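Here's the letter readout for the chains.
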Amino acid sequence: MIEITKDTIIGDILDVAPQTAPIFLSIGMHCLGCPSSRGETVEEACMVHGVDCEKLLALVNEEANK
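Residues numbered from 1 in each chain as written. Predicted model: local features only at pLDDT ≥ 70, side-chain atom pairs only at ≥ 80, totals over all residues. Heavy atoms only, no water.

Per an unreviewed UniProt entry, the protein chain goes by the name Disulfide oxidoreductase and belongs to Vescimonas fastidiosa.

Structural data, given as structure tokens:
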């Protein structure tokens, strides 16, 4: 089981659970391949994109553990 937290780096999530990419794209992270977005934590991405971190974590964890 994968546990993704607010401190998990987006690039690490995409490496182990690439199926979560559409979730990140849906919040406006359209540059998932660029170094800055791959190096951001979930919490940082949520702040930049104005997204509720807990809701995003629930979606990402659910998808990552399917």
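Time to look at the overall build of the protein chain. Within the protein chain, the regular secondary structure consists of 5 helices and 0 strands. Ordering the α and β elements of the protein chain from the N terminus gives α-α-α-α-α. Here the protein chain has a C-alpha radius of gyration of 10 Å; the compact-globule value for 66 residues is 11 Å, and the two agree. With the C-alpha coordinates aligned to their principal axes, the bounding extent of the protein chain is approximately 25 × 20 × 20 Å. For the protein chain, the proportion of its 66 residues judged to be buried stands at 41%. Counting only contacts in the protein chain whose residues sit at least 6 apart along the sequence, the fraction spanning at least 24 positions is 61%. When the accessible surface of the protein chain is summed, it comes to about 3,800 Å², and 57% of that surface belongs to carbon and sulfur atoms. For the protein chain, the centre of its 4 positive side-chain charges and the centre of its 11 negative side-chain charges are spaced 5 Å apart. (Helix = DSSP H or I, 4+ residues; strand = E, 2+ residues; numbered from the N terminus. Rg over C-alpha atoms; globule rule 2.2 N^0.38 Å. Buried < 20%, exposed > 50% of the residue type's maximum accessible area, 1.4 Å probe, protein only. Contact = heavy atoms within 4.5 Å. Areas by Shrake-Rupley, 256 points an atom, 1.4 Å probe, with all protein chains shown as cover. Lys, Arg positive; Asp, Glu negative; His and termini not counted. Charge placed at Lys NZ, Arg CZ, Asp CG, Glu CD.)

Attention shifts here to the UniProt feature "domain: DUF1858" (unreviewed entry) in the protein chain. When the UniProt feature table is mapped onto this chain, "domain: DUF1858" (unreviewed entry) is found at residues 4-57. Overall, residues 4-57 shows 56% helix and 0% strand. The separation of its end C-alpha atoms is 7 Å. (UniProt positions renumbered as here; feature names shortened; annotations may be inferred.)

On to helix α4 (residues 42-49). For α4, every residue scored as buried is listed here: Val42, Ala45 and Cys46. What you see down the axis of α4 is that its buried residues fit within an arc of 100 degrees, all on one side. Exposed side chains of α4 directed beyond 90 degrees from the buried face belong to Met47 and Val48. Contacts from the buried residues of α4 go to α1 (10-16) and α5 (53-64). Remark: Gly50 follows α4 within two positions and exhibits a positive phi of approximately 65 degrees. (Arc of directions from axis to C-beta.)

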